[in-house]
Amino acid sequence: MKFVKKYFFEILIVLLYIALMVLYPVKTISALKEGIMLFLKMLPLFICVTLFSAFLAMFVSKDVIRKYMGEESGLKGIVFGALFGTIIVGPLWVLFPMFQTFLEKGAGIAIIGAMIGAFAIKTPWLPYAAGFLGWPFVLVSFGLILVYSVIEGILMEKILK
Amino acid sequence: MKNIVSSLILYTVIVVLSYYYAFRKDKSKAKKSLSKGWKQFLDRLPLLFAIFLLIGLFDVFVPKEVVVKFIGAGRGIVSIFSAAVLGSVIMGPVSSAYPLGGVLLKKGATVATTAVFLNAWVMVGVVTFPFEVSVFGKKFALTRNVLAFIGAIVVGVLTGFILTGRFL
């Protein structure tokens, strides 16, 4: 029973695949292939981030994290967190373990919240995005996301604390 | 693909440099963090694999053309809301999100709808939600995603208003 509880989601997916395999075998097999391909593509990146989080957990002292990302760094810290969020690249979920390490080390929820929020702004991708959407679209939406990410961080701290 | 390769190079350099520093500073601590990190990685592997299998299902059973047709067709609040929901569920690199946004605009979707769709794509993670819960806990993950969902709509609608003078 403990096994079922721990791997609930995984079991659900397996059952879903079995059901779909019976109903739509061809489509399901190509879905399986697609999923495995994407998974293998992301795997090295995920290994890197997990190892880096473990490094941070072991070698960066709580004082350092608290000093730069602690709650007492105030609005300045939150804005800094949001700005930092705009320069990191890669899919959002990959960095979750690193953010969790920061939180465990005493980083403020607002700062991490703002950082995750601003992660939606992909600065290195700006010219690429503008090529499809136009500069006005990209600049206005990125600017608004930046502002909202600060608000999101503050709200998260208010709700979760 | 280019996106993944360049971020992979960046993160590999970061990991190598940080462990180079670690091993020089304290060998036993460095080994310990390496094995701890590896164990954490293995712990999270099954869930991650399941999530990617789900993404595979989405890709095949809900092709992107269907999404474009669905969002591009309507106007108003319903279309904004469905753009937000679809954007939240879809998973994929931004390299495919922006071109899709371009297609939406060309097909006659409003700026607001397109912006909401793209915002939800990068801000909300429904498929990766179980993973987010396993890392941060249920309360954190839920709060973050709800706020991100609201934000995706608010920011998108405002973007539309600023650029076209219309809210929807």
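Residues numbered from 1 in each chain as written. Chains lettered and ligands numbered in written order. Predicted model: local features only at pLDDT ≥ 70, side-chain atom pairs only at ≥ 80, totals over all residues.

## Notes on the overall build of chain A
Consideration 1: Within chain A one finds nine helices and zero strands.
Consideration 2: Its helices and strands in sequence order give chain A the pattern α-α-α-α-α-α-α-α-α, from N to C terminus.
Consideration 3: By the compact-globule yardstick of 15 Å for 161 residues, chain A is too spread out, its C-alpha radius of gyration being 20 Å.
Consideration 4: Overall, chain A is about 55 × 45 × 30 Å in size when its C-alpha atoms are taken along their principal axes.
Consideration 5: For chain A, the proportion of its 161 residues judged to be buried stands at 42%.
Consideration 6: Taking all contacts inside chain A whose residues are at least 6 apart in sequence as the whole, residues at least 24 apart take part in 85%. (Helix = DSSP H or I, 4+ residues; strand = E, 2+ residues; numbered from the N terminus. Rg over C-alpha atoms; globule rule 2.2 N^0.38 Å. Buried ≥ 20, exposed ≤ 12 C-beta atoms within 10 Å, placed from the backbone. Contact = placed C-beta atoms within 7 Å.)

## Re the overall build of chain B
Consideration 1: The secondary structure content of chain B amounts to eight helices and zero strands.
Consideration 2: Each helix and strand of chain B, ordered N terminal to C terminal, gives the series α-α-α-α-α-α-α-α.
Consideration 3: Taking 2.2 N^0.38 as the reference for a compact globule, 168 residues should give roughly 15 Å; the C-alpha atoms of chain B span a radius of gyration of 20 Å, well beyond that estimate.
Consideration 4: Along the longest, intermediate and shortest principal axes, the C-alpha atoms of chain B span 60 × 30 × 25 Å.
Consideration 5: Among the 168 residues that make up chain B, the fraction classed as buried is 43%.
Consideration 6: Look at the contacts in chain B between residues 6 or more apart in sequence, and 76% of them connect residues 24 or more apart.

## Some points on the interface of chain A and chain B
Consideration 1: Facing the 59 residues of chain A at the interface are 64 residues of chain B.
Consideration 2: Every element with two or more residues in the side of chain A that touches chain B is listed here: α2 (8-23), α3 (25-59), α6 (96-104), α7 (109-118), α8 (126-133) and α9 (135-160) of chain A.
Consideration 3: When residues in the side of chain A that touches chain B are grouped by element, the largest group, 24 residues, is from α3 of chain A.
Consideration 4: Classifying every residue of the side of chain A that touches chain B by side-chain character gives 44 nonpolar, nine polar and six charged. (Nonpolar A, V, L, I, M, F, W, Y, C, P; charged D, E, K, R; others polar.)

## So, the packing of α7 of chain A against α9 of chain A
Residue and element names in this part refer to chain A.
Consideration 1: It is at 7 Å that the axes of α7 and α9 come closest, and there the two elements cross at 145 degrees. Judged by the twist between their axes, the crossing of α7 over α9 is right-handed. Along its contact with α7, which presents I109, A110, I111, G113, A114, G117 and A118, the element α9 presents I145, L146, Y148, S149, V150, E152, G153, I154, M156, E157 and L160. (Axes fitted to C-alpha atoms, helices over the stretch in contact; angles between N-to-C directions. Left-handed = near helix turned anticlockwise from the far one by under 90°.)

## A word on helix α2 (residues 27-61) of chain B
Consideration 1: Here α2 of chain B spans 50 Å end to end across 35 residues, near enough to the 51 Å set by a 1.5 Å rise per residue.
Consideration 2: Maximal helix bending in α2 of chain B amounts to about 40 degrees, located at L45 of chain B; proline P46 of chain B follows within four positions. (Expected span 1.5 Å × (residues − 1). Bend = angle between axes of the 7 residues up to and from the residue.)

## Here's the deal with the domain arrangement of chain B
Consideration 1: By domain assignment, chain B separates into domain 1 (1-43) and domain 2 (62-164).
Consideration 2: A separation of 33 Å is found between the C-alpha centroids of domain 1 of chain B and domain 2 of chain B. (Domains from an automatic or database assignment.)

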